[in-house]
Amino acid sequence: MKTLLMSACVLSLLACGGNTVEPIDPRDLSLPTQTRQWLAAAQDGVVAARARRDAKASTLNLVQQWADRVNDEIELAGNADDSLDSLADARLEFAELDLEMAERGVVFAVAKLDLAYAERAVHHDLASYDLVPLRAAVDAAREDVEEIRREMLQARQRVLESTRNWWTAYAQFSAGGGDTRSFWIGERDAITEVVEGTGIEEPEGESEGESEGEGESESEGESESESESESESEDSE
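Residues numbered from 1 in each chain as written. Predicted model: local features only at pLDDT ≥ 70, side-chain atom pairs only at ≥ 80, totals over all residues. Heavy atoms only, no water.

Student: Could you give an account of the packing of aromatic side chains, naming the residues involved and the relevant values?
Tutor: Applying the stated rule across the entire model yields 3 aromatic pairs. Ring geometry for Trp166 and Trp167: centres 5.8 Å apart, planes at 45 degrees, overall tilted. The exposure class assigned to Trp166 is buried, which follows from its relative accessible area of 1%. Residue class for Trp167 comes out partly exposed when judged on its relative accessible area of 41%. Here the aromatic rings of Trp166 and Tyr170 are separated by 5.2 Å at their centres, their planes lie at 50 degrees, and the arrangement is tilted. Taken together, the residues span about one helical turn, with Trp166 and Tyr170 both in helix H4 (residues 131-175) at a distance of 4 residues. Both residues of the pair, Trp166 and Tyr170, belong to the buried class. Members of the aromatic cluster, each reached through a chain of ring pairs, are Trp166, Trp167 and Tyr170. A cation sits over an aromatic face here: Lys112 above Phe108, 4.5 Å from the ring centre. (Phe/Tyr/Trp six-rings, centres within 6.5 Å; stacked < 30°, edge-to-face > 60°. Buried < 20%, exposed > 50% of the residue type's maximum accessible area, 1.4 Å probe, protein only. Helix = DSSP H or I, 4+ residues; strand = E, 2+ residues; numbered from the N terminus. Lys NZ or Arg CZ within 6 Å of the ring centre and 35° of its normal.)

Structure below.
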């Protein structure tokens, strides 16, 4: 609830001050070099924050797919299965918080950009703004990021603890003769044809190559025998 209230506060502050701030083009040569560099850096911050958010969204999607596979396809006996499920839940929770932090990072970067526009405009007498709500929005967004960062530290500890528990359970499961192939390779049915029964099958290309080689050797042998026979016949005549 505290997180939701903080986010609402940030958005309301941005709505009051951020939306009324006119952007300033950092390519405007009438502005001092330091001002243009300052604005460009703030703009780059927004671009980088959005790219980070998109990357975290992709990571969450991959972790979600892995967690679904763990829950739906992989079944290990006893404590190993429970430990793996706990690890999947912990990793998924961390990835969700990581994306949430990246989304708040975008809000933080936009708030700083709006403040940069307003401060530079006031400094160069380009416009008049009330900087108090804009600065308050930046402070609130920063605190929002720090709050989720603290939650992530706790979630990371849960991931580490779950990882240790999983490898302990896995070692016991493997030492007890448990079938671990479904975890490393995939569904067990998909690999039994190759691994079980007659052993690992040889690639078809190699078998064909060996057969062709044998055929060539036999043909060469027959040709040599025929030549020797012809030579003997000529000598006898």
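Here the narrative resumes, following the displayed structure.
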